[in-house]
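# Structure at a glance
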Amino acid sequence: MEKKENNRKLRVCVATCNRADYSKLAPIMFGIKMEPEFFELDVVVLGSHLIDDYGNTYRMIEQDDFDINTRLHTIVRGEDEAAMVESVGLALVKLPDVLNRLKPDIMIVHGDRFDALALATSAGGKSVGPLMTLSDTIIRMWLGDDVKSKDYIVALQHPVTTDIKHSIKMFELTLDALISFNKRTLVLFPNIDAGSKEMVRVMRKKGIEHHPNFRAVKHVPFDQFIQLVAHAGCMIGNSSCGVREVGAFGTPVINLGTRQIGRETGENVLHVRDADTQDKILQALHLQFGKQYPCSKIYGDGNAVPRILKFLKSIDLQEPLQKKFCFPPVKDNISQDIDHILETLSALAVDLGGTNLRVAIVSMKGEIVKKYTQFNPKTYEERINLILQMCVEAAAEAVKLNCRILGVGIGGGIIHQHELIHGSSFCAAELGHIVVSLDGPDCSCGSHGCIEAYASGMALQREAKKLHDEDQLLVEGMSVPKDEAVGALHLIQAAKLGNAKAQSILRTAGTALGLGVVNILHTMNPSLVILSGVLASHYIHTVKDVIRQQALSSVQDVDVVVSDLVEPALLGAASMVLDYTTRRIY
């Protein structure tokens, strides 16, 4: 954009109150300074910049070679609510004279704190910009010679002025957790808000300034600070930097308390809203430390300064400025909450056995938290209704057990390249319904000749009942009590005791299963086939025989084994849910 000859330069006043807002304003100031043909820059410094206890941070503005036109001492000490209100009042008294003297066309301020309020009232963002290359010298300078990248923590926590007592409690618990976690930690002093004196007392009470694992500092120059958080193993606290700038580097963040409620946060942020002991914060540290998340552009792509300068150049000084409001679309946060994580992530697993229906709550670790068993009804409609009823009961019980149910799983599975295949409609690997005979027995799915119609527990139960009704099941040494239903186990027992018809039924079932496996070998060419369930050990030899007789030579070397898991059917069903719902794709 070329400057119009008749237009005068735009006089821009940048007012900065503290180290945090200067870190955001500095890139804009550099941009303005680099285009003197368009802009005149005035710098006003006030607030905690001019207080020794907070590092006299106006010096970094001078070190950046900016001329400070005006310095205003506007802070009333006390670090409580009354002092904050008085500070705003003092700034409102002093600022009009400064603005009348400088007569800027535009004033740029940053932030939503009490000191920025006075600036905005008297006058009527930028995020992550260019960064220097990381130097190990910076880490050694602030954390010690023995500290490596990704092996330290940056802690920055401020008081919450609407609930000072709670924020002090959270700060104390945070320090306790950091001491227990036992990693080198850079702790920055809190800002000047009400409650900061009490937080500093907590630090000194716990000996943080002299603890070998801690480095407590009042200020770190922003270009160095941003490198430290970019290469930290974790950042913890309630600073806006944690939910804004740090996401650009994928650094894990633990956001504590309520200070950032309402702000959009990235996947790298884990929230700990409240805590009664250090345990929850310590759990969060164990979960987050050392992770690397995808870099986020929620708060900008690094090109904010050119956009701001372009906007400033577009201002027509001959036209009065009208205030405008712009509300960006609200997005769902993809960050996490420690209270959700500490719940036991679980699935409901359903096993449709020949004799019984079983539903279990299965945890992420593969532990069966609770199991429910009911006798399998005779009709399809009764089975479906009973499954629904059992799932509802289990889900209600899961709440009492602090288990968060992620879904319900039923069926077999195929694992390809370490991933469970789900299919386009989550119905992949319905292996039991591979058809192995065009004129085979009816299947519960409505088809004929499925593997399940031959080899499932219900199929063997059906055949066992037929033999029993024909008085051809029981052999010497066997008996079935009158009140006991005939099932697959009776058929297996009869076969072991020499019942030829029972042996033939099991052989046919094993052959059907074997043919299904051959089809899978020819389709998927897996390296391993795992048979599970109580019937697996009775089928495995027949399955191997069928593979040798029917499969192509290129797939005959596949390993076929029996699962040694205690509850393979339930665990396999649960894995269908747990694998999919917790998988993270970047």
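Above this text sits the structure in question.
What you are looking at is a predicted structure, and each value in this text was computed from that prediction instead of being measured.

### Side note on the overall build of the chain
- The helix and strand tally for the chain stands at 19 helices and 19 strands.
- For the chain, the accessible surface area stands at approximately 30500 Å², while carbon and sulfur atoms represent 52% of it.

### A closer look at the environment of Ile226
- On the secondary structure map, Ile226 appears in helix H8 (residues 222–230).
- Overall, the relative accessible area of 0% leaves Ile226 in the buried class.
- When the C-alpha positions of Ile226 and Phe249 are compared, they lie 9.6 Å apart, and in sequence the two are 23 residues distant.

### Looking at the sheet that holds strand E7 (residues 214–217)
- Spatial ordering of the open sheet is given by E7-E6-E5-E8-E9-E10-E11, a layout of seven strands whose pairing is parallel. Single-partner strands in this sheet number two, and they are E7 and strand E11 (336–337).
- Strand direction decides the pairing type here: strand E8 (residues 234–237) and strand E9 (residues 253–256), joined by three bridges, are parallel. In the strand pairing of E9, Ile236 is matched with Ile254.
- With respect to the sheet, H8 is in contact with strand E5 (153–156), strand E6 (185–188) and E8, its orientation differing from that of E5 by roughly 125 degrees.

### Topic: the pairing of strand E18 (residues 528–531)
- Here E18 shows a buried face lined by Val529 and Leu531 and an unburied face lined by Leu528 and Ile530.
- The β-α-β motif built from E18, the intervening helix H18 (residues 536–550) and the parallel element strand E19 (residues 559–562) has right-handed crossover chirality.

### A few points about the pairing of E5
- Neither face of E5 is open: one carries Ile153 and Ala155, the other Val154 and Leu156, and all of them are buried.
- Taken together, the four bridges between E5 and E6 define a ladder with parallel strand orientation. Looking at the pairing, Ala155 lines up with Val187 of E6.
- Remark: the E5/helix H6 (residues 164–181)/E6 crossover connection has right-handed handedness.

### Some points on a nonpolar patch on the surface
- Among the surface-exposed residues, Leu352, Val408 and Ile410 lie close enough to one another that they form a single nonpolar patch of about 240 Å² accessible area.
- Along the chain, Val408 falls in strand E15 (residues 403–409).

### Re the pattern of salt bridges
- Summed over the entire model, instances satisfying the criterion amount to 20 salt bridges.
- Between Arg11 and Asp42 there is a salt bridge, with its nearest N and O atoms 2.6 Å apart. Separated by 31 residues along the polypeptide, Arg11 in strand E1 (residues 10–16) and Asp42 in strand E2 (residues 39–46) bring together distant segments of the chain.
- Counted as one network, the salt bridges with shared partners bring together Asp351, Arg358, Lys371 and Glu567.

### Considering the environment of Ile410
- Of note, Ile410 is situated in the loop between E15 and strand E16 (415–416).
- Along the primary structure Ile410 and Ser575 are separated by 165 residues, whereas in three dimensions their C-alpha atoms are 9.4 Å apart.
- Those residues in contact with Ile410 that sit more than four places away from it in its chain are Val350, Leu352 and Ala573.

What counts, and at which threshold
Residues numbered from 1 in each chain as written. Predicted model: local features only at pLDDT ≥ 70, side-chain atom pairs only at ≥ 80, totals over all residues. Heavy atoms only, no water. Helix = DSSP H or I, 4+ residues; strand = E, 2+ residues; numbered from the N terminus. Areas by Shrake-Rupley, 256 points an atom, 1.4 Å probe, with all protein chains shown as cover. Buried < 20%, exposed > 50% of the residue type's maximum accessible area, 1.4 Å probe, protein only. Pairing = 2+ DSSP bridges. Contact = heavy atoms within 4.5 Å. Axes fitted to C-alpha atoms, helices over the stretch in contact; angles between N-to-C directions. Right-handed = clockwise from strand over helix to strand, strands pointing away. Patch = residues over 30% accessible without salt bridge, like charges linked within 9 Å, V, L, I, M, F, W, Y side chains within 5 Å. Salt bridge = Lys/Arg side-chain N within 4 Å of Asp/Glu carboxyl O.

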